[in-house]
Amino acid sequence: MRGNGLWAQLRQPPGGPDARIMLLAQGVDRTGSGVWAAASVLYFTYVCGMDAGRLGLLLGVGAVAGIIGSPLAGRAAERLPLRGLLIGCHLLRVATMGLLLVVDHFAALLLSVALTCLAERGAKTLEMLFATRVAGERRATYQALFRSVANGGYAVGTGFAAIGLAVGSTTAYRALIVANALSYLLAALLIRRTTEPAGRGLVATPPAQPSAQPSSQPSGVEGGPEAVPSPWRDRGYLLFVLLDLPMCLDDSVLNVGLPLWLIHHTDAPHAVVPAFLTLNTVLVVVLQLRVSAWAENPRGATTAVGWYGVTLLASCLLIALSTGGGPLTASLALLAAAALVTLAELMRSVSSWELAVSLAPPRAKASYLGVAGMSQSVQKSVGPMLLTGVVMAAGPAGWLALGAVSTGLAAVQRRASLRRLAALEASAAAGVAVAVVG
């Protein structure tokens, strides 16, 4: 690993100067997002005076808007310059944050939060497209660098928010909103310094021979040789996205399941809860590059999918066992579970992106990735309710069931991905043979 450490890679990331600027912009963006994530619920509760019902509706509408934002951004990126779209998403977030400072009517706040979430998910999809265009085959390494930068940004943002929350005044809360908006503005200014990445969809590909055009369509895509494939008609790709939804549950396990289980079902001290996120942040920074190197190609990504299920099963087993001991035993079991959940998260983050790219046809990768990006948004809206209403309600058996189901679904996704990859490779080989004969 000599010469391939985090700082060396950040100085010379795959994709060159534009990638370095984009990583800086993403770090600034995530710092502001960390501020808002730590302060938003308290702001709406204590400054805006919302009750639990209205706050739940507000967050629910935001989650739905976020689900819509990803495919909309992917579709737009097939037709419009990616750089301009990304700048537009950040500027929209600046405007919606500013709107929060001047309105107090619930309907206006609802609109502001919905547009913020839509633009946020759209920006994340566009960042993914930008990175894959400029990083090419080294996209897994870029993803590892981005996750390290993002985690650092979130940590700085939540730390900054803690200062404002400690003050607790309306002015302090509004200052946090201004800081968040400024982070989006700075991110937009940084992105303006980049150049538009080449290609539509993802990466520029050499023009195919006319006779080889049908070979670029994977099995399950409707349309003739000149038709642009639609992800909504591609049953094989939709199966991948559907299976990817429960594969994102590690996020809810870490942020919702572990803290609530510790508080309500174990004798572990509550002071252990912040250690979950601290451990997660440290492990992501230390291990993300190593994991990405292991799963930097489609075959490696399918292997990571299989290990994801096994790792999540082991973490669920530890969570279930944490109820049987005293404070020390429960604390150690839950901290070990948090470490395993983080390892599962590292494998899923790399494999999910790599397969989302590799399983999509060359001519419509932006639209396909927009659909694939929905999985995280859906999980964020459904995952916490699934954990609290089903898994935790069933006690330790619920965690064991979650681990077993996750392992089974990971095996299914691995096999389905391998079949689709084989079909794509066979089609590409047939296309080359036709072109050579022609």
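All figures in this text were calculated on a predicted structure; none of them were measured in a lab. (Residues numbered from 1 in each chain as written. Predicted model: local features only at pLDDT ≥ 70, side-chain atom pairs only at ≥ 80, totals over all residues. Heavy atoms only, no water.)

1. Side note on the packing of helix α2 (residues 17-47) against helix α6 (residues 139-167)
Phase 1: With their axes 7 Å apart at the nearest point, α2 and α6 run at an angle of 35 degrees to one another. Viewed along their axes, α2 and α6 form a crossing whose handedness is right-handed.
Phase 2: A breakdown of the residues in the contact of α2 with α6 according to their chemical character gives 17 nonpolar, 8 polar and 1 charged. (Axes fitted to C-alpha atoms, helices over the stretch in contact; angles between N-to-C directions. Helix = DSSP H or I, 4+ residues; strand = E, 2+ residues; numbered from the N terminus. Left-handed = near helix turned anticlockwise from the far one by under 90°. Nonpolar A, V, L, I, M, F, W, Y, C, P; charged D, E, K, R; others polar.)

2. Some thoughts on helix α5 (residues 106-135)
Phase 1: In this model α5 runs 43 Å from its N-terminal to its C-terminal C-alpha over 30 residues, within 8% of the 44 Å that 1.5 Å per residue would give.
Phase 2: Directly after α5, the chain includes Gly136, whose backbone phi takes a positive value near 60 degrees. (Expected span 1.5 Å × (residues − 1).)

3. Concerning a nonpolar patch on the surface
Phase 1: On the surface, Leu91, Val178, Leu182, Leu185, Leu186 and Leu189 cluster together into a nonpolar patch covering about 500 Å² of accessible area.
Phase 2: Sort the elements by how many residues they give to the nonpolar patch and helix α7 (residues 170-192) lands first, with 5 residues. (Patch = residues over 30% accessible without salt bridge, like charges linked within 9 Å, V, L, I, M, F, W, Y side chains within 5 Å. Areas by Shrake-Rupley, 256 points an atom, 1.4 Å probe, with all protein chains shown as cover. Salt bridge = Lys/Arg side-chain N within 4 Å of Asp/Glu carboxyl O.)

4. Some details on the packing of aromatic side chains
Phase 1: Here the structure, examined in full by the defined rule, presents 7 aromatic pairs.
Phase 2: With a centroid separation of 4.7 Å and an interplanar angle of 70 degrees, the aromatic rings of Tyr237 and Tyr368 are classed as edge-to-face. Here Tyr237 is found in helix α8 (residues 235-244), whereas its partner Tyr368 is found in helix α13 (residues 365-372), with 131 residues between them in sequence. Summarising the burial analysis for this pair, Tyr237 and Tyr368 share the class buried.
Phase 3: Here the aromatic rings of Trp261 and Trp399 are separated by 5.9 Å at their centres, their planes lie at 85 degrees, and the arrangement is edge-to-face. Here Trp261, found in helix α9 (residues 250-265), pairs with Trp399, found in helix α15 (residues 396-437); they are 138 residues apart in sequence, far enough to count as distant. Accessibility classification places Trp261 together with Trp399 in one group, the buried group. (Phe/Tyr/Trp six-rings, centres within 6.5 Å; stacked < 30°, edge-to-face > 60°. Buried < 20%, exposed > 50% of the residue type's maximum accessible area, 1.4 Å probe, protein only.)

5. A short note on the UniProt feature "transmembrane region" (unreviewed entry) in the protein chain
Phase 1: Cross-referencing UniProt, the feature "transmembrane region" (unreviewed entry) maps to residues 52-73, 106-123, 144-166, 172-191, 271-289, 301-321, 328-347 and 385-412 in the present numbering.
Phase 2: Between the first and last C-alpha atoms of residues 172-191 the distance is 29 Å; the span itself is 100% helix and 0% strand.
Phase 3: Helix makes up 100% of residues 301-321 and strand 0%, whereas the separation of the span's terminal C-alpha atoms amounts to 30 Å. (UniProt positions renumbered as here; feature names shortened; annotations may be inferred.)

6. Re the environment of Leu409
Phase 1: Along the chain, Leu409 falls in helix α15.
Phase 2: Taking the relative accessible area as the measure of exposure, Leu409 reaches 25% and is therefore partly exposed.
Phase 3: In this structure, the C-alpha to C-alpha distance between Leu409 and Gly306, residues 103 residues apart in sequence, is 9.2 Å.
Phase 4: The contacts of Leu409, once residues within four sequence positions are left out, are Leu243 and Pro246. (Contact = heavy atoms within 4.5 Å.)

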